[in-house]
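Structural characterization, general
Listed below are the residues making up each chain.
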Amino acid sequence: MTGENPALAARGVSKSFDGRSALKGVDFEVGPGEVVALIGPNGAGKTTLLSILAGIAEPDSGEVAGDGVAWVPQQAALYRRLSVQENLLLFARLQHDAGQTDENPSLMVKRMLDLTGLAERAADRVGTLSGGNQQRVNIAIGLMAGPSVLLLDEPSVGLDPAQRERLWGFVLDLVREGTAVAFSTHDIQEAERYAERIVAVAEGEGIFSGTADELRQAVEAGGARSEDLETSFLAFLRERGH
Amino acid sequence: MRWLVLKDLQILKRSPLQLTLLVVYPVVIALLVGFAMTGGQEQTKVALYSQIPASESLGLGGEEVDGSEIRNQLCGRVECIEADSASDAKKMVESGEATAAVIVPEDLGDKIRSLASLNPESPEIQIIVNGSDAVESQVTDDRVEAMLSEANLLLAKRLSEGAKDYLDLILKGGQFDLLGQKIEVLGLKKSEQILRQIEPKLPPGTDKEQLARAVRFAHLATDNLDLAGPLLTAITEPIKADKVEVGDEAPSLDTYAIGVTVAFALMFVTVLLVAGSLALEKEENAFTRLTAGLVGRGWIIFAKVGLGTIVGTGVALILLAGLGLFIGIEWGRAPFWLLAIVFGAAAFAAAGAALGAAAREVRAATLAAVMISVPVALLSLVPDDAVGPAIETAINLVSAVFPFRPALDAITGGLELSGPSQWLPLLHLTVLTLAYGALARLALRRF
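As the structure is a prediction and not an experimental result, all values here were calculated from the model. (Residues numbered from 1 in each chain as written. Chains lettered and ligands numbered in written order. Predicted model: local features only at pLDDT ≥ 70, side-chain atom pairs only at ≥ 80, totals over all residues. Heavy atoms only, no water.)

**Focus on the overall build of chain A**
Secondary structure assignment for chain A yields 8 helices and 9 strands. Within chain A, the fraction of its 242 residues that count as buried is 51%. Put simply, 67% of the contacts in chain A that link residues at least 6 apart link residues at least 24 apart. For chain A, the computed accessible surface area is about 10500 Å², with 44% contributed by carbon and sulfur atoms. (Helix = DSSP H or I, 4+ residues; strand = E, 2+ residues; numbered from the N terminus. Buried < 20%, exposed > 50% of the residue type's maximum accessible area, 1.4 Å probe, protein only. Contact = heavy atoms within 4.5 Å. Areas by Shrake-Rupley, 256 points an atom, 1.4 Å probe, with all protein chains shown as cover.)

**What to know about the interface of chain A and chain B**
Counting from both sides, the interface comprises 26 residues of chain A and, opposite them, 23 residues of chain B. Buried surface at the junction of chain A and chain B, summed over both partners, amounts to about 2300 Å²; 56% is from carbon and sulfur atoms. Broken down residue by residue, the surface that chain A buries against chain B is led by Tyr79, Arg81 and Leu94 of chain A, which jointly contribute 31%. Our enumeration of links across chain A and chain B arrives at 1 salt bridge. One salt bridge in this structure joins Glu284 of chain B and Arg80 of chain A, with 2.7 Å as the shortest N-O distance. Linking chain A with chain B are 7 residue pairs in polar contact (both at pLDDT 80 or more). Only β5 (69–72), α2 (84–97) and α4 (131–143) of chain A provide two or more residues apiece to the side of chain A that touches chain B. (Buried area = accessible area lost by both parts, 1.4 Å probe. Salt bridge = Lys/Arg side-chain N within 4 Å of Asp/Glu carboxyl O. Polar contact = N/O pair within 3.5 Å; in protein donor to acceptor, adjacent residues only side chain to side chain.)

**Here's the deal with the sheet that holds β5 of chain A**
All names here are of chain A. The mixed open sheet is built from 6 strands, whose spatial order is β5-β6-β7-β3-β8-β9. A single partner strand is all that each edge strand has here, and the edge strands are β5 and β9 (205–210). With direction set aside, neighbouring strand axes in the sheet form an average angle of 15°. On the sheet, helix α7 (residues 212–221) packs against β8 (197–202) and β9 and is oriented at approximately 115° with respect to β9. (Pairing = 2+ DSSP bridges. Axes fitted to C-alpha atoms, helices over the stretch in contact; angles between N-to-C directions.)

**Looking at the side chain of Glu86 of chain A**
In this fold, Glu86 of chain A is placed in helix α2. Given a relative accessible area of 18%, Glu86 of chain A falls into the buried group. For Glu86 of chain A, the side chain forms a polar contact with the main-chain nitrogen of Ser83 of chain A, separated by 2.9 Å. Setting aside residues no more than four positions away along its own chain, Glu86 of chain A makes contact with Gln10 and Arg14 of chain B.

**Overview of the sheet that holds strand β2 (residues 20–30) of chain A**
Residues and elements named next belong to chain A. Here 3 strands make up an open sheet; going across it, the order is β2-β1-β4 and the pairing antiparallel. What marks the edges here is a single partner per strand, and that holds for β2 and β4 (61–66). Taken over all neighbouring pairs, the strand axes of this sheet differ in orientation by 20° on average, direction set aside. Sheet topology note: the strand β1 (residues 8–17)/β4 ladder contains 5 bridges and is antiparallel. Among the inter-strand pairings, Ala9 is bridged to a residue of β4, identified as Ala65. Against the sheet, helix α1 (residues 46–54) touches β1, β2 and β4, its axis set at about 60° to β2.

**Regarding helix α16 (residues 423–443) of chain B**
Residues and elements named next belong to chain B. Under the 1.5 Å per step criterion, the end-to-end length of α16 is 30 Å for 21 residues, consistent within 8% with the ideal 30 Å. Looking at α16, one finds that the buried residues are Pro425, Leu426, Leu429, Leu432, Thr433, Tyr436, Gly437, Ala440 and Ala443. Axial view of α16: buried residues confined to an arc of 135°, hence all on one face. Along α16, the residues that are exposed and aim more than 90 degrees away from the buried face are Trp423, Leu424, Leu427, Leu434 and Leu442. (Expected span 1.5 Å × (residues − 1). Arc of directions from axis to C-beta.)

**Brief notes about the packing of aromatic side chains**
Applying the stated criterion across every chain, the model contains 8 aromatic pairs over all chains. Judged by centre distance (4.5 Å) and plane angle (10°), the rings of Trp168 of chain A and Tyr194 of chain A are stacked. With Trp168 of chain A in helix α5 (residues 161–176) and Tyr194 of chain A in helix α6 (residues 188–194), this residue pair connects regions lying 26 residues apart in the sequence. Trp168 of chain A gets classed as buried once you look at its relative accessible area, which sits at 1%. Judged by relative accessible area, which is 12%, Tyr194 of chain A ranks as buried. Pairing Trp299 of chain B with Phe302 of chain B gives two aromatic rings, centres 5.5 Å apart and planes at 90°, and the pair type is edge-to-face. With Trp299 of chain B and Phe302 of chain B both in helix α11 (residues 297–324) and 3 residues apart, the pair spans about one turn of that helix. (Phe/Tyr/Trp six-rings, centres within 6.5 Å; stacked < 30°, edge-to-face > 60°.)

**Section: the nonpolar core**
In this structure, Leu88, Phe91, Leu94, Ile139 and Leu150 of chain A together with Phe404 of chain B are the most contacted members of the largest nonpolar core, which totals 122 residues. For Leu150 of chain A, the residues in contact, after removing those within four places along its chain, are Ala70, Val72, Ile139, Leu143, Leu174, Thr179, Ala180, Val181 and Ala182 of chain A. If you look at the next biggest cluster of nonpolar residues, it comprises 23 residues, including Val13, Leu23, Val26 and Val30 of chain A. (Core = buried A, V, L, I, M, F, W, Y, C linked by side-chain atoms within 4.5 Å.)

**Considering a nonpolar patch on the surface**
Residue and element names in this part refer to chain B. A grouping of Val23, Val24, Val27, Val28, Leu31 and Ile318 is seen on the molecular surface, where their side chains present a nonpolar patch of about 410 Å² in accessible area. Per element, the largest residue contribution to the nonpolar patch is 5 residues, and it comes from helix α2 (residues 16–38). According to the relative accessible area criterion, Val28 is partly exposed, its value standing at 37%. (Patch = residues over 30% accessible without salt bridge, like charges linked within 9 Å, V, L, I, M, F, W, Y side chains within 5 Å.)

**Notes on the side chain of Thr412 of chain B**
Structurally, the position occupied by Thr412 of chain B is in helix α15 (residues 404–415). Polar side-chain contacts of Thr412 of chain B include one of 3.1 Å to the backbone oxygen of Asp409 of chain B.

**Brief notes about the confidence of the model for chain B**
All names here are of chain B. This prediction gives chain B a mean pLDDT of 78; 72% of its residues lie at or above 70. Element-level pLDDT for chain B is lowest in helix α8 (residues 208–234), with a mean of 64, against a maximum mean of 96 in α16. Low confidence marks residues 237–251, where pLDDT is under 50. Its contacts with residues over four positions away, or in another chain, come to 1 contact. (pLDDT = per-residue confidence, 0-100.)

**Considering the packing of α15 of chain B against α16 of chain B**
Residue and element names in this part refer to chain B. Contact pair α15 / α16: the axes reach a minimum separation of 8 Å and the direction vectors enclose 145°. For α15 against α16, the interelement crossing comes out left-handed. On α16, the residues that touch Pro406, Ala407, Asp409 and Ala410 of α15 are Pro425, Leu426, His428, Leu429 and Leu432. Class assignment for the residues of the contact of α15 with α16 results in 7 nonpolar, 1 polar and 1 charged. (Left-handed = near helix turned anticlockwise from the far one by under 90°. Nonpolar A, V, L, I, M, F, W, Y, C, P; charged D, E, K, R; others polar.)

**Some points on unusual backbone geometry**
The backbone of Glu203 of chain A sits at a positive phi, close to 50°, despite the residue not being glycine. Structurally, Glu203 of chain A can be placed in the loop between β8 and β9. Its identity as a non-glycine residue notwithstanding, Arg360 of chain B has a phi of 65°, on the positive side. With respect to the helices, strands and loops of the structure, Arg360 of chain B is situated in the loop between α12 (334–359) and α13 (362–380). Accessibility expressed as a relative area gives 32% for Arg360 of chain B, which makes it partly exposed.

**Considering the pattern of salt bridges**
All names here are of chain B. Within the structure shown, the criterion is met by 15 salt bridges over all chains. A salt bridge links Asp8 to Lys7, with the shortest nitrogen-to-oxygen separation between them at 3.0 Å. Just as Asp8 is buried, Lys7 falls in that class too. A single network of salt bridges, built from pairs that share partners, joins Lys7, Asp8, Glu281 and Lys304.

As structure tokens, then:
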């Protein structure tokens, strides 16, 4: 856990869809400048938890506390027939009109183009960009209002290793500037490589929160052999009946 | 809201096909309808096969109607194509060379002449029409019917005039040509005069009573046959129609045609555009981001209805400008029809938003928009007296919940002073806009 002043915290969050329980009293928190990976099998409740943390979905029970939270959806939420600049300008204007920022929309766009390194592609339609560059624009929109917490839902899905490395270089620059980042992923190696802390969920329950080393230790303590983190995690899940 | 509309206009600009359609569609429709309305002078082609020799005279008591005169009457309203036989005429209709065929039988002349005899027969001609096209068939039926009515009228006049001559002969006397021999007919009036002159000169003992009876009969016959003449003249026009027309008939039809054209274009463009545009928000994954604290769902609906209203109105104006090249549009009434177009566009846009929100996928939304709007619009055009009461009620109910009919009424009312009142349709469109907007908002809850 992060300590006394988390940038974003959730306590006992539960959520059901049509009688099916998606989250069962999950706790979660991320501190300023911290990177937390949310891992778990498909249908574990990762996206639901991120949606609740972002304020897009309401929990059935539990509490969420945190300000300045930006959410970046798994698939690029962009208008493919608009250019990079037009997409950024649209969301800058909407955020400005919604009172999320006082910054001039045009200046905000320029700042984001510089930040993402896409100034040269500003006039290109988003649909013509690579998946990695689309994701950078996608994240840039989330960062426009200068959030203190950035929630990324499986940010590297569909990216090749080089694109993934560029994306994380971009995100880690934000972290160095104090932005807290929580991301969901299926890729255990990605979680180990970029996250300071890992939170594991399975079948709607929070089953682990700690570092990668702590996860390995938990596996070995149960008598299983710990090879790589993915193997350890699978053993951890089996041990708990998931 | 304005940024969303601006964004949608930018997207629209990026789709050359969509943009081209938005401009080309009203232009093409304007050209088609314009040419159809102004180029309607081409006559219906009718194949004619007459077995009566052109020179054969249909003498009716001294009045002559020959075969060529009947042909001229038949072909006055249509373009006649001479056929060599009845089967040739039939083939012309089947092939589409002629829209109808008229077969005049050889015995038509005899039967017409028999009308003036004591044993009248019913003259008949055969009409062949192509029933494969319901609309064209109906138009052809109307034209052939009008054509026959004129021919019948001519015959009736000649028959009555011939019969009247016979009556005059019996009444006033004169010469009658029978098998080449001139026969002198005394006539009832002269008979009466002669009888009256000789009555006082008759010697006593003569049966004066019998003679007096003959004189009374001749007098009564004269009086009654005097009335028969006007009666026969009356049958030349058996049914009289007192038709009163005010104003110019043609512009009303033009106005209705313009109204239907504009309402259809407005419906197509607006419903499809808005349904597709709203569904696109889902397909682009942007909806969740937009509603994550940036824009309320209600404002998204409002923006889409605004987009549809702006684009739909623009398309309708292009269409009207195009139609204005062919037919007269009252530009002085622009505020009225512009109001109708704006209200109609808003109602269609709200309906499109409801469809798009319900479909959640562009192709499904587009398909639903076409499949729902076109049949409902066509139903709205069915005349009330063309169907039974139950179907009429059903059609009226369906028409009332879709904006096409009120939009059509409002537009035609706006185009012409003598058109239907605008205010009720405008109120109707307002209610539909709000209702469909509410439905769209409801559907966005599970978008």
